[in-house]
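# Overview (structure and organization)
Here is what each chain is made of, one letter per residue.
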Amino acid sequence: MIPYLMTWLALKTDRRAVTALEYGMIAALIAAVIVGTVATLGTQLENAFSTVSNAL
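Residues numbered from 1 in each chain as written. Predicted model: local features only at pLDDT ≥ 70, side-chain atom pairs only at ≥ 80, totals over all residues. Heavy atoms only, no water.

### Digging into the overall build of the protein
Test applied: Secondary structure follows DSSP: runs of H or I at least 4 residues long count as helices, runs of E at least 2 residues long count as strands, and numbering of each begins at the N terminus. Relative accessibility decides the category of a residue: with a 1.4 Å probe and only protein chains considered, values under 20% of the type maximum give buried, values over 50% give exposed, and everything between is partly exposed. What sets the accessible areas is the Shrake-Rupley method with a 1.4 Å probe; for residues, cover comes only from the shown protein chains.
Counting its secondary structure elements, the protein contains 2 helices and 0 strands. Counting the 56 residues in the protein, one finds 0% classified as buried. Only carbon and sulfur atoms are counted for the fraction: they give 73% of the accessible area of the protein, which is about 5,300 Å².

Written out as structure tokens, the structure reads:
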């Protein structure tokens, strides 16, 4: 029982994995926002260039 308890306490105090997971989730969220923004801006730019091209 003592080795099990010592292993459990060691895992409980080691928060590196949790921190790495949190950083990974934040990076994924930022990437999703960037992809969404670029897709929206790309569509708007395409429409703007088409309008200018048609006007010429």
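Don't stop here, the text continues.
### A closer look at a nonpolar patch on the surface
To keep it simple, the criterion reads: Exposure above 30% relative accessible area and no salt bridge define the residues that can form patches, which grow by joining like charges within 9 Å and nonpolar side chains of Val, Leu, Ile, Met, Phe, Trp and Tyr within 5 Å. By salt bridge we mean one thing: a side-chain nitrogen of Lys or Arg within 4 Å of a carboxyl oxygen of Asp or Glu.
Side chains of Ile-2, Tyr-4, Leu-5, Met-6, Trp-8 and Leu-9 sit close together on the surface and give an oily, nonpolar patch of about 670 Å² of accessible area. By secondary structure assignment, the location of Trp-8 is in helix α1 (residues 2–13).

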